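# Close look at the chain arrangement
What follows is the residue order along each chain.
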Amino acid sequence: MKKVITYGTFDLFHQGHYNIIKRAKELGDYLIVGVTSESYDIERGKLNVRDSLLKRIENVRKTGFADEIIIEEYQGQKVSDIIKYNIDILVVGSDWRGKFDYLKNYCEVRYLERTKNISSTQLRGEGTIYSVGVVTDDSNDSGIVVESKFVSGVHVESVFSQDQTVAEEFCEKYELDSYSTDYEKFLSSLDIVYIKPELKNRAAYIEKAIEKGKYVISDSPMTLEPETLKGLFAKAVEHKVVLVEKIMLVYLRAFNQLVWLTHGDLVGKVVSVKCAISQDDFDGGKTFNETVVYAICAIIKLLGMKCTEVTSNPVKDENGKFIYDMITMKYPGALATIEIGSTVDIENELVVIGSKGRVTIPNDWWNTGYFEAKVEGREFLKRYSFNFEGNGFRYLLQELMIMISDKRTECTRLFYEESQALVQILKKINQRG
Ligand code: CTP
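As annotated in an unreviewed UniProt entry, the protein is Adenylyltransferase/cytidyltransferase family protein from Candidatus Blautia faecavium.

## Focus: the sheet that holds strand β1 (residues 3-8)
Overall, parallel pairing links the five strands, which are arranged β3-β2-β1-β4-β5 in an open sheet. The sheet terminates laterally at β3 (68-72) and β5 (108-112), the two strands that pair on one side only. Adjacent strand axes in the sheet meet at a mean angle of 25° when their direction is disregarded. As judged from the three bridges shared by β1 and strand β4 (residues 89-93), these two strands associate in the parallel manner. Directly across from T6, in β4, lies its bridge partner V91. Of the strands in this sheet, β2 (30-36) and β3 are in contact with helix α3 (residues 53-62), which crosses β2 at around 160°.

## Considering the sheet that holds strand β8 (residues 178-180)
With respect to topology, six strands assemble into an open sheet ordered β8-β7-β6-β9-β10-β11, the strand pairing being parallel. Bordering the open sheet on either side are β8 and β11 (243-246), each of which pairs with just one other strand. Neighbouring strand axes in the sheet, compared pairwise and without regard to direction, differ in orientation by 25° on average. Across six bridges, strand β6 (residues 130-135) lies against strand β7 (residues 154-160) in parallel orientation. If you follow S131 over to β7, its bridge partner there is H155. Relative to β11, helix α13 (residues 393-406) is tilted by about 170°, and along the sheet it contacts β6, β7, β9 (192-195), β10 (215-219) and β11.

## Some words on unusual backbone geometry
Here the residue pair S220 and P221 is connected by a cis peptide bond, since its omega of -5° sits within 30 degrees of zero. Relative to the elements of secondary structure, P221 occurs in the loop between β10 and α10 (226-238). Backbone geometry at N86 places phi at a positive 55°, although glycine is not the residue there. Tracing the chain through its elements places N86 in the loop between α4 (77-84) and β4. The residue T343 is not glycine, and still its phi comes out positive at about 65°.

## Quick word on the pairing of strand β17 (residues 349-354)
In regular strands, side chains alternate between the two faces of the sheet. Where strand β12 (residues 270-278) and β17 come together, six bridges link them in antiparallel fashion. For K274, the partnering residue across the bridge sits in β17 and is V351. Bridge count for β17 against strand β18 (residues 357-362) is six bridges, and the pairing is antiparallel. Across the sheet, E349 pairs through a bridge with P362, a residue of β18. In sequence, β17 turns back onto β18 through a hairpin of two residues.

## Side note on helix α14 (residues 416-430)
End to end, α14 covers 21 Å across 15 residues, agreeing with the expected 21 Å (1.5 Å per residue, within 8%). Among all positions of α14, only Y416, E418, S419, Q420, A421, L422, V423, I425, L426 and I429 are buried. Buried residues in α14 make contact with α10, β11, α12 (288-303), β13 (309-311) and β15 (322-331).

## Some details on the site of the ligand
Around the ligand sit 19 residues, and of these D95, I118, S120, T121 and R124 come closest. Contacts to the ligand include F10, whose backbone N or O atom sits 2.9 Å from an oxygen atom. Between the ligand and G93, the relevant distance is 3.0 Å, taken from an oxygen atom to a main-chain nitrogen or oxygen of the residue. A total of 570 Å² of accessible area belongs to the ligand in isolation, and the protein chains cover 92% of it. Elements represented by at least two residues in the shell around the ligand include exactly β1, α1 (15-26), β4 and α5 (120-123). A total of three residues in the shell around the ligand trace back to one element, the largest contributor, which is α1.

## Quick look at helix α7 (residues 164-173)
Buried within α7 are the following residues: V166, A167, F170 and C171. Along α7, the residues classed as buried sweep out an arc of 130° about the axis, all on the same side. Contacts from the buried residues of α7 go to β6, α6 (144-148), β7 and β8. Backbone geometry just downstream of α7 places E175 in the positive-phi region, at approximately 50°.

## Structural notes on the UniProt feature "domain: Gfo/Idh/MocA-like oxidoreductase N-terminal" (unreviewed entry) in the protein
In this structure's numbering, the residues bearing the UniProt feature "domain: Gfo/Idh/MocA-like oxidoreductase N-terminal" (unreviewed entry) are residues 153-243. Helix makes up 46% of residues 153-243 and strand 22%, whereas the separation of the span's terminal C-alpha atoms amounts to 18 Å.

## A few points about a negative patch on the surface
Taken together, the side chains of D137, D163, E168, E169 and E172 make up a negatively charged region of the molecular surface. Relative to the elements of secondary structure, E169 occurs in helix α7.

## As for the packing of aromatic side chains
Within a pair of aromatic rings, the relevant descriptors are the distance that separates the centres and the angle that separates the planes. Following the criterion strictly, the structure yields 18 aromatic pairs and no others. With centroids separated by 5.3 Å and ring planes inclined at 65°, the aromatic side chains of Y18 and F65 adopt a geometry described as edge-to-face. Here Y18 is found in helix α1, whereas its partner F65 is found in the loop between α3 and β3, with 47 residues between them in sequence. Each ring, one from F288 and one from F322, has its centre 5.2 Å from the other, and the planes form 75°; the classification is edge-to-face.

So, how was this worked out
Residues numbered from 1 in each chain as written. Predicted model: local features only at pLDDT ≥ 70, side-chain atom pairs only at ≥ 80, totals over all residues. Heavy atoms only, no water. Pairing = 2+ DSSP bridges. Helix = DSSP H or I, 4+ residues; strand = E, 2+ residues; numbered from the N terminus. Axes fitted to C-alpha atoms, helices over the stretch in contact; angles between N-to-C directions. Contact = heavy atoms within 4.5 Å. Expected span 1.5 Å × (residues − 1). Buried < 20%, exposed > 50% of the residue type's maximum accessible area, 1.4 Å probe, protein only. Near = heavy atom within 4 Å. Polar contact = N/O pair within 3.5 Å; in protein donor to acceptor, adjacent residues only side chain to side chain. Areas by Shrake-Rupley, 256 points an atom, 1.4 Å probe, with all protein chains shown as cover. Arc of directions from axis to C-beta. UniProt positions renumbered as here; feature names shortened; annotations may be inferred. Patch = residues over 30% accessible without salt bridge, like charges linked within 9 Å, V, L, I, M, F, W, Y side chains within 5 Å. Salt bridge = Lys/Arg side-chain N within 4 Å of Asp/Glu carboxyl O. Lys, Arg positive; Asp, Glu negative; His and termini not counted. Charge placed at Lys NZ, Arg CZ, Asp CG, Glu CD. Phe/Tyr/Trp six-rings, centres within 6.5 Å; stacked < 30°, edge-to-face > 60°.

This is how it looks when you write it as structure tokens:
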């Protein structure tokens, strides 16, 4: 019996996929199709796959040509599959010509002509390039320019600043096409605006950009006023645009997995969440509000929005300058604490303590692919590690591209009501002495 194998992502299943599977089957008696897993695709930098693994498998199954469907989960799996399943022919599309010649020692390798004028990339609408502009009042990038190079379909083209020198410097430093000190003019040529000037000016810039129908990414917090935030979200819905708050934490696979496992009873009932974060280590020394939002966000994701009491205990130095705070957030049956400070030695860490164990993200927990769990009955630490590249901005941009093409206005990584709960807590903290 002649056994054939072929692999693919098979996202947004199309005629090209159907044809290659059909022709692969015709080359033998038994066809195995390998469908890539989500984690493998992310691992190899394919961040934009739309259909779930189950849906992609189902679409392959529906062709009726596959005798067996397997999942491709890691680099190097093809060799072991060929040996394991005793494969005679490996089939791939001509776009891969030469790439799999190294497998010729194990089986015959056939490159079949691709079906013309169709691809998943094309169907995902990635042919369109969205132009991005940055609104700033300093000439540091925060990663959007560098990170956008890893995301297909976006190009950072211009910068706006009220200060002409800053605009000019930024433009030159990051080799953008243009700079501007006229906000209306700047907005007119763009699809997406990234807003990162100081907090007190953000809401006004966001509002204007939304009114002009632009998609907006803003540094967090967008405002300290819950009512203003509500208004901004309402405006985004009215103008059918996306307003995304830049809290990278919610785009990190490790953090999402931690939340998911915690909600799935990994450590039993959660009793305490402890976040320690140093303003000096966080993203190059951010302000108190810009730093503390990450901790509040982590707590909301882990314990929910029903925080019953917030207390803040700021410590100041002899000049009256804030240096340290231990914030507590009470929940029914649980307590969260945020240890935050500047110029004092805070050991960054996120710990979730449950009735059956604890999960820890050591060090820079807001920017990581790693966490570990110590669970009752298990002698050893269980370590979880996920691929994580750059500063995380690329994952946010990728999600934004998907939201735009799906015509969604609300970000499912951080819902409007979560953002609003966050600002309410932030406001309470800021009302301290
Ligand atoms: N394929 C093909 N003809 C096409 C598109 C894909 O023969 N028009 C083949 C590929 O060469 C590959 C298999 O189908 O052997 C699975 O391809 P996959 O990468 O999942 O599909 P693409 O449409 O190429 O996806 P993308 O645009 O994301 O690269």
